Amino acid sequence: MKEVVGVIFGLGLMANAGLFVIQAVKISRARSAKGVSILTFAGFCLLQVTGILHGIFQRDMYLLTGMVASFLACGTVTGLAIYYRNR
C-alpha cells in the first residue's frame, strides 16, 4: 500500500510540474510577466528545494523525482518572470 501511495504522490507532483509548465508557456508567448507574482513562485521554489532535500534524506525516489520536476518547471516560471520584468 505504501508503494501505491508513493506512486500516486509522485504523479501528483508531476501534474503540479505540468501546471508550472503551462504558466511558463503563457509568459513566453505573451513576452510579459504582468500579473505574475515573482515572490510567490520564488517561495514555491524554496519549498520544492526543501522537498528535494527531504526526498534525498528519506531515499524517496517518487518524492525526489516529482520535486525535481516541479522545481525545474517552477524555476523556469520564476526566471522568465524576472527576465520579462527587467526587460
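This text gives an overview of the structure that appears in the document. (Residues numbered from 1 in each chain as written. Predicted model: local features only at pLDDT ≥ 70, side-chain atom pairs only at ≥ 80, totals over all residues. Heavy atoms only, no water.)

The space that makes up the largest pocket amounts to roughly 190 Å³. Of the residues forming the lining of the largest pocket, the biggest block, five residues, is contributed by helix α1 (residues 2-30). A breakdown of the residues in the lining of the largest pocket according to their chemical character gives three nonpolar, one polar and three charged. (1 Å grid on protein atoms, 1.4 Å probe; cavity = no way out; pocket = protein on both sides within 12 Å on 5 of 7 lines; lining within 4 Å. Points joined across faces, edges and corners; volume = space filled by probe spheres on them. Helix = DSSP H or I, 4+ residues; strand = E, 2+ residues; numbered from the N terminus. Nonpolar A, V, L, I, M, F, W, Y, C, P; charged D, E, K, R; others polar.)

Let us look at the packing of α1 against helix α2 (residues 38-58). Close contact between α1 and α2 brings their axes to 14 Å; oriented N to C, the two are set at 150°. By the angle class used here, α1 and α2 are roughly antiparallel. With respect to the hand of their crossing, α1 and α2 are arranged in left-handed fashion. Across the interface between the two elements, Asn16, Phe20 and Gln23 from α1 touch Phe41, Phe44 and Gln48 from α2. The residue makeup of the contact of α1 with α2, split by class, is three nonpolar, three polar and no charged. (Axes fitted to C-alpha atoms, helices over the stretch in contact; angles between N-to-C directions. Parallel < 35°, antiparallel > 145°, perpendicular 65-115°, else oblique. Left-handed = near helix turned anticlockwise from the far one by under 90°. Contact = heavy atoms within 4.5 Å.)

Take the packing of aromatic side chains next. Tallying each qualifying case throughout the model produces four aromatic pairs. Relative to Phe44, the ring of Phe20 lies with its centre 5.8 Å away and its plane at 50°, an arrangement referred to as tilted. Of this pair, Phe20 sits in helix α1 while Phe44 sits in helix α2, and the two are 24 residues apart along the sequence. Note on Phe20: relative accessible area 7%, which makes it buried. For the ring pair Phe41 and Phe44, a centre distance of 5.8 Å and an interplane angle of 85° mean the geometry is edge-to-face. On the criterion of helical spacing, the pair formed by Phe41 and Phe44 is a turn pair, its members being three residues apart in helix α2. A connected cluster of aromatic rings, assembled from ring pairs, spans Phe20, Phe41 and Phe44. (Phe/Tyr/Trp six-rings, centres within 6.5 Å; stacked < 30°, edge-to-face > 60°. Buried < 20%, exposed > 50% of the residue type's maximum accessible area, 1.4 Å probe, protein only.)

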